[in-house]
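# Per-entry structural report
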Amino acid sequence: MIRKGMKLYSILFGACPKCHQESMYVNPNPYALSVTLKINDTCSHCNTRYRMEPSFFYGSMYVSYALGIAFAVTAFVVSYEIFESSLLTAFISIILTLIVLIPVIMRLSRNIWINFFMHYDKELIKK
Ligand SMILES: [Zn+2]
């Protein structure tokens, strides 16, 4: 369903946006909090530099804001509409959801951001 070559693969798994052969991150687990945002300098397969320019990933803050809103709205709808909780409980569920998902949101936003600028190239795998 989601396979190498699809942008969604690189976004969901943090794979190199050009070859999809390895993780961009030093540790693929986002909950290894000390290295959550540590990104390798280059891909060992295709030699792509992940930081195209200094402070490249600052732009991912815009994506992170949108993702945060999406997760917050989802938490609210699930809590308030589906489980029919009070407004206070729905608010608490939003806060807890955002706190628990901070590492995932930060990584997803970086993955989406880099995939705006880099695209899969199957020629790189053959090399
Ligand atoms: Zn690569």
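The structure displayed is predicted, hence computed values, not measured ones.

### Some remarks on the nonpolar core
- Counting 20 residues, the largest nonpolar core has Tyr50 and Ile114 as the members making the most contacts within it.
- Taken together, the elements giving at least two residues each to this core come down to helix H2 (60–82) and helix H4 (102–117).
- Per-element tally for this core: the top contributor is H4, with five residues.

### Describing the side chain of Asn111
- Along the chain, Asn111 falls in helix H4.
- On the accessibility criterion, Asn111 (3% relative accessible area) is buried.
- At 2.8 Å, the side chain of Asn111 forms a polar contact with the backbone oxygen of Ile11.
- Here Asn111 is in contact with Ser10, Ile11, Gly14, Met24 and Tyr25, once residues within four sequence places are set aside.

### What to know about the packing of H2 against H4
- Running from N to C, H2 and H4 point in directions that differ by 130°, and their axes come no closer than 8 Å. One finds that H2 runs oblique with respect to H4. As for the relative orientation of H2 and H4, their crossing is right-handed in sense. Taking contact as the criterion, the partners of Ser60, Val63, Ser64, Leu67, Gly68 and Phe71 in H2 are, on H4, Ile105, Leu108, Ser109, Arg110, Ile112, Trp113 and Phe116.
- Considering only residue class, the contact of H2 with H4 consists of eight nonpolar, four polar and one charged.

### Observations concerning the coordination of the zinc ion
- Bound to the zinc ion on the protein side are Cys16 (SG), Cys19 (SG), Cys43 (SG) and Cys46 (SG), at distances that span 2.2 to 2.3 Å.
- Geometry at the zinc ion is tetrahedral, judged from its four donor atoms and the angles of 105 to 115° they form at the metal.
- The sequence motif formed by the donor residues of the zinc ion is C-x2-C-x23-C-x2-C. Residue Cys16 is found in the loop between helix H1 (7–13) and H2, and its partner Cys46 is found in the loop between H1 and H2; the two are separated by 30 residues along the sequence.
- Cys16 sits in the buried class, given a relative accessible area of 0%.
- Taking the relative accessible area as the measure of exposure, Cys46 reaches 15% and is therefore buried.

Calculation rules
Residues numbered from 1 in each chain as written. Predicted model: local features only at pLDDT ≥ 70, side-chain atom pairs only at ≥ 80, totals over all residues. Heavy atoms only, no water. Core = buried A, V, L, I, M, F, W, Y, C linked by side-chain atoms within 4.5 Å. Buried < 20%, exposed > 50% of the residue type's maximum accessible area, 1.4 Å probe, protein only. Helix = DSSP H or I, 4+ residues; strand = E, 2+ residues; numbered from the N terminus. Polar contact = N/O pair within 3.5 Å; in protein donor to acceptor, adjacent residues only side chain to side chain. Contact = heavy atoms within 4.5 Å. Axes fitted to C-alpha atoms, helices over the stretch in contact; angles between N-to-C directions. Parallel < 35°, antiparallel > 145°, perpendicular 65-115°, else oblique. Left-handed = near helix turned anticlockwise from the far one by under 90°. Nonpolar A, V, L, I, M, F, W, Y, C, P; charged D, E, K, R; others polar. Donors = N, O, S within 2.8 Å, 3.2 Å for Na, K, Ca; no water. Tetrahedral: all angles 85-135°; square planar, octahedral: opposite > 155°, others 65-115°.

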